[in-house]
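Working through the structure, step by step
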Amino acid sequence: MIKKVLIANRGEIALRIARSCRELGIATVAAYSTADRDSAVVAFADESVQIGPGPSRESYLNMPAVIEAARIRGADAIHPGYGFLSENPDFAEICAAEDLTFIGPPPDVMARLGDKAVARRIMAEAGLPLLPGSRGTADQPEAAAVTAAEIGYPVIIKAAAGGGGRGMSVVHDPDGFDRAYRHTRATAQAVFGDGRLYVERYLASARHVEVQVLADAHGTAVHLGARDCSLQRRHQKLVEETPAPGLPPEIVEPLCAAAVRGTLASGYVGAGTFEFLVDPQGRYYFMEVNCRLQVEHPVTEMVTGLDLVAEQIRIAAGEPLGFTQADVDARGVSIECRINAENPRRDFAPAPGTLTDFAVPAGPFVRVDTHATPGYRIPAYYDSLLAKVVVWAPDRPRALARMRRALDELRAEGPGVVTTTEFLRGLLDHPRFVAAEHDTVLIENLMS
Amino acid sequence: MTITTANGTSTTPAPAPTSPTAPASPTAPRPAPAGQDGEHGQSGLGEVLAVLRLAAQEAGAGGARPVSRVRVSAGDLAVEIDWTTPDGSAGPGGSAHAPAAADRRDVSPHGAARPSAAFPSAPASLPAGPGTAGPTGSAGSAGSAAQNGSDDALAFVVPAHTVGVFYHAPEPGADPFVRAGDTVVPGQQVGIIEAMKLMIPVEAERGGRVREILVADATPVEYGQPLLTLDVDVPHGDSR
């Protein structure tokens, strides 16, 4: 049984984790940097430890500091949230060596799935459809160019160790391949410390659909339905919803079943997400597994009534899932809008500052996950996510109406602060979004 | 990083890139605009000065007593503020340091190897002034402060540079690295922090006399928590 959880994260997700812990009767320790000294989770948590200065590499990515913080406060588990150390198999392994329960998948599973080339192979063996691409990594530019020609252009070059939308290049013709390959390899080496790449066909028009799975340590796995996350800007999601609108059951059901098959085949334990691309003909292709809680997990919680953080903690404590696939009863529609401190008119550049005015929407079926408060100073060290506005309604038209109403209620203002609220508000009225015809390039098209 | 003298001088040094001495015109510091308050990890001289001025202004504004002297520098990065006290002497508990855990005041490492990391939190680190800083000073430190109650004696805080367990001595039963009253030279080891089974030496970043060891032996500490204070002698020419 887990008694005290150290939360190795910040912002809205740290607070969201602390809330579930409180409901479960589990004590919390907030690990925070000097830049987050006055943050909401530090005030909310039972205890706190200042682990380092503002820059992440010296605080939230500083493994010895995080482990030591857990030890001096007597925590028996660490929840990594998303980002930071959440998908770091070395960190999970160190936790295990220090007798700390890492709330996430086992380190070896994380290591295999974190390598996108290995993950592709595992999922191919489990019978999941993949886009045509290189077998394993394509480590030589010449050989990779041959593979690209076999696959057929356009292709996308991706970092094997990549994630978060970074380390990818789309190439439209053979002439541009070599340059893109070398550029991507340099980026991957710089950002992920791993220059290995793989190549696969690029779908110019596709929807990004992902499946939430839960698996316990006793061989039981279920899916909690599909989320559409097609509305992205530079591979960063802005709006997510569940169920995936306009996808018929004959597509969604096999896709979800494939995710469960992949979960079991990879030995996955915990909450995870299988990402797929769905082409205009309704064919779906496995992309990658996210070995952590997703930013957009609340939409799944809203339709299933499950608390995913609580499920993660129970699974990490070794408890069996208390329900089966047949018990999962997803109802209605839920949509999430990410309110980022970014300026859409300046190419979504971060626009941090101090929130002199901050008021979140409320009312029926509206959930807001945020760490911000009036007077909150948005640190420039971290990502720009300020709040997640989530609504639920019995159907999509009513969910859209509710989200419009909720965004109209939101106030987040201050000197220098610009948020994505207005941009999202406009998107909610866009005919293609209303008609659920969106794909991963809709926003790029709207912006150009 | 906060330095408080016996007579209520509060100083905020912060590490900075090497830079020429800078003009100081802090008699009427203006608040920096929001969003440029040092959270950004910038280290340009102009920004350094802006932050220092803001820090001086914040510190001055928060004091219950009028500020009698403010010095802003950039070469060695310091903000010094003197408050007059009614009787012209040190207020009660002139040496005022609370553990970071208690008041979450920032105590960024002074002279740390990574200026950009330690620097940005400096402005937030200033206490509101001696009026709010007093009660945590122990009797011992007050006594020490009284003995050294000259303008030139500054209490310099040695903070923890990492989370871990602080030890006074190299091993159980051994003599401590330092005791209150000992004189230390810059770079001298004054303790150990154990983190992940690594023994990380704690060194005095400046020379001086150990005023007080603030954390008991074998006690867990947070990043930035004050471990001990040094009385640092500053030559006259250096501080004016």
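The structure contained in this document is the topic of the report that follows.

Conventions and cut-offs
- Residues numbered from 1 in each chain as written.
- Chains lettered and ligands numbered in written order.
- Predicted model: local features only at pLDDT ≥ 70, side-chain atom pairs only at ≥ 80, totals over all residues.
- Helix = DSSP H or I, 4+ residues; strand = E, 2+ residues; numbered from the N terminus.
- Buried ≥ 20, exposed ≤ 12 C-beta atoms within 10 Å, placed from the backbone.
- Rg over C-alpha atoms; globule rule 2.2 N^0.38 Å.
- Contact = placed C-beta atoms within 7 Å.
- Pairing = 2+ DSSP bridges.
- Axes fitted to C-alpha atoms, helices over the stretch in contact; angles between N-to-C directions.
- Parallel < 35°, antiparallel > 145°, perpendicular 65-115°, else oblique.
- Left-handed = near helix turned anticlockwise from the far one by under 90°.
- Nonpolar A, V, L, I, M, F, W, Y, C, P; charged D, E, K, R; others polar.

Quick look at the overall build of chain B now. Along its length, chain B carries seven helices and 12 strands. Expressed as a percentage of its 240 residues, the buried residues of chain B come to 52%.

From N to C terminus, chain A includes 15 helices and 20 strands. On C-alpha atoms alone, chain A measures out to a radius of gyration of 21 Å, which is about the 22 Å that the 2.2 N^0.38 rule sets for 448 residues. The principal-axis extent of the C-alpha atoms belonging to chain A is close to 60 × 50 × 45 Å. Per-residue burial for chain A yields a buried fraction of 55% across its 448 residues. Once local pairs closer than 6 in sequence are excluded, the contacts in chain A between residues at least 24 apart make up 65%.

Below, the discussion takes up the sheet that holds strand S19 (residues 385–393) of chain A. Residues and elements named next belong to chain A. What the eight strands build is an open sheet, ordered S13-S12-S9-S10-S11-S14-S19-S18; its pairing is antiparallel. Since the sheet does not close on itself, it has two edges, and those belong to strand S13 (284–290) and strand S18 (366–370), each with one partner. Across this sheet, the average inter-strand angle for adjacent strands is 25°, counted without regard to direction. Of the pairings in the sheet, the one linking strand S9 (residues 207–215) to strand S10 (residues 221–233) comprises six bridges and is antiparallel in character. Across the sheet, the residue bridging to Glu210 is Arg227, located in S10. In this fold helix H9 (residues 249–265) packs onto S9, S10, strand S12 (270–278) and S13, with an angle of close to 115° to the strand it touches most, S10.

Residues and elements named next belong to chain A. Taken in spatial order, the three strands of this open sheet run S7-S6-S8, and their pairing is antiparallel. Looking at the sheet topology across the chains shown, the edges are occupied by strand S7 (166–171) and strand S8 (197–201). Direction aside, the axes of adjacent strands within the sheet are offset by 25° on average. Strand contacts of helix H7 (residues 141–151): strand S6 (155–163), S7 and S8, with the helix running at about 15° to S8, the strand carrying the most contacts.

Before going further, it helps to spend a moment on the packing of H7(A) against helix H8 (residues 177–192) of chain A. Residue and element names in this part refer to chain A. Two elements in contact, H7 and H8, have axes separated by 10 Å at closest approach and are oriented at 120°. Taken together, H7 and H8 sit at an angle that is classed as oblique. Here H7 and H8 pass one another in a crossing that is right-handed. Contact residues: H7 offers Pro141, Ala144, Ala145 and Ala148, while H8 offers Phe177, Asp178, Tyr181 and Arg182. The residue inventory of the contact of H7 with H8, partitioned by class, reads six nonpolar, no polar and two charged.

As a further point, take the environment of Phe286(A). All names here are of chain A. Considering the arrangement of structural elements, one finds Phe286 in strand S13. Along the primary structure Phe286 and Phe276 are separated by 10 residues, whereas in three dimensions their C-alpha atoms are 4.5 Å apart. Those residues in contact with Phe286, other than ones at most four positions away along the chain, are Met123, Leu128, Pro129, Leu130, Gly262, Phe274 and Phe276.

Moving on, we get to the pairing of strand S14 (residues 333–340) of chain A. All names here are of chain A. In terms of burial, S14 is largely enclosed, as eight of its eight residues are buried. Across four bridges, the pairing between strand S11 (residues 236–242) and S14 is antiparallel. When the bridges of S14 are listed, Val239 appears paired with Cys337. One ladder, built from eight bridges, connects S14 with S19; its direction is antiparallel. Looking at S19, one finds that Ser334 is bridged to Trp392.

Our next topic: the environment of Ser230(A). Residue and element names in this part refer to chain A. Looking at the element boundaries, Ser230 is found in strand S10. For Ser230, a count of 27 C-beta atoms within 10 Å gives the class buried. In this structure the C-alpha to C-alpha distance between Ser230 and Val368, which are 138 residues apart in sequence, comes to 21 Å. Contact partners of Ser230, with chain neighbours within four places excluded, come to Arg207, His208, His438, Asp439 and Thr440.

Further remarks concern helix H5 (residues 107–114) of chain A. Helical periodicity: at 3.6 residues per turn, an α-helix aligns residues three or four positions apart in one direction. All names here are of chain A. Counting buried residues along H5, six of its eight residues qualify, which places the element largely inside the surrounding structure. Along H5, the residues classified as buried are Pro107, Val109, Met110, Arg112, Leu113 and Gly114. Looking at the buried residues of H5, the elements they touch are helix H4 (89–97), helix H6 (116–125), S6 and S13.

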